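Structural characterization, general
Here is what each chain is made of, one letter per residue.
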Amino acid sequence: MPILAADGMVLAGHGRLAAGKLLGMAEVPVIVARGWTDQQKRAYVIADNRLTDASDWDDEMLRLELSDLVEGGFEISR
């Protein structure tokens, strides 16, 4: 999922950007929000952050997914 940015500011995807840095990625996909007003950008940031607040993890599914990654040789110890 691309990072959403406008005017040099990350609107959504701070975690994805941090993960990319940890993985040593020189580039990450970005969508630029062109033509958005300051109010639209602020409203989007609030809505995007609220989505994570309203979500729940399926702990068993997460455990299975992480186990599959490790078994496939993916390093997750960072």
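Just so it is clear, the model here is predicted, and its values are computed rather than measured.

Cut-offs applied
Residues numbered from 1 in each chain as written. Predicted model: local features only at pLDDT ≥ 70, side-chain atom pairs only at ≥ 80, totals over all residues. Heavy atoms only, no water. Helix = DSSP H or I, 4+ residues; strand = E, 2+ residues; numbered from the N terminus. Rg over C-alpha atoms; globule rule 2.2 N^0.38 Å. Contact = heavy atoms within 4.5 Å. Areas by Shrake-Rupley, 256 points an atom, 1.4 Å probe, with all protein chains shown as cover. Lys, Arg positive; Asp, Glu negative; His and termini not counted. Charge placed at Lys NZ, Arg CZ, Asp CG, Glu CD. Pairing = 2+ DSSP bridges. Salt bridge = Lys/Arg side-chain N within 4 Å of Asp/Glu carboxyl O. Buried < 20%, exposed > 50% of the residue type's maximum accessible area, 1.4 Å probe, protein only.

1. Structural notes on the overall build of the protein chain
- What the protein chain contains, in helices and strands, is three helices and three strands.
- Reading the secondary structure of the protein chain in the N-to-C direction produces β-β-α-β-α-α.
- In terms of overall dimensions, the protein chain is more spread out than a globule: its C-alpha atoms have a radius of gyration of 16 Å, far above the 12 Å expected for 78 residues.
- For the C-alpha atoms alone, the extent of the protein chain along its principal axes is close to 45 × 30 × 15 Å.
- Long-range pairs, those at least 24 residues apart, make up 59% of the contacts in the protein chain between residues at least 6 apart in sequence.
- Of the accessible surface of the protein chain, which amounts to about 6500 Å², a share of 57% is contributed by carbon and sulfur atoms.
- Each charge class in the protein chain can be summarised by its mean position, and for the 8 positive and 13 negative side chains these summaries are 11 Å apart.

2. Here's the deal with unusual backbone geometry
- The phi dihedral of Asp7 falls on the positive side, at around 55°, and the residue is not glycine.
- As for its position among the elements, Asp7 is in the loop between β1 (3–6) and β2 (9–12).

3. Re the pairing of β2
- Of the pairings in the sheet, the one linking β1 to β2 comprises three bridges and is antiparallel in character. Bridge assignment links Leu4 to a residue of β2, and that residue is Ala12.
- The hairpin formed by β1 and β2 contains two residues between the paired strands, and Asp7 there has a positive phi angle of roughly 55°.

4. Things to note about the pattern of salt bridges
- Summed over all chains, the structure comprises three salt bridges.
- The partner of Lys41 in a salt bridge is Asp38, with the nearest N and O atoms 3.4 Å apart. Placement of the pair is Lys41 and Asp38 together in helix α2 (residues 38–53), with a separation of three residues, close to one helical turn.
- Looking at Asp38, the relative accessible area reads 58%, which means it is exposed.
- Measuring nitrogen to oxygen at the nearest pair gives 2.6 Å for the salt bridge that ties Glu60 to Arg63. Of this pair, Glu60 and Arg63 both sit in helix α3 (residues 59–71), three residues apart, which is roughly one turn of the helix.

Coordinates in, geometry out; function isn't part of it.
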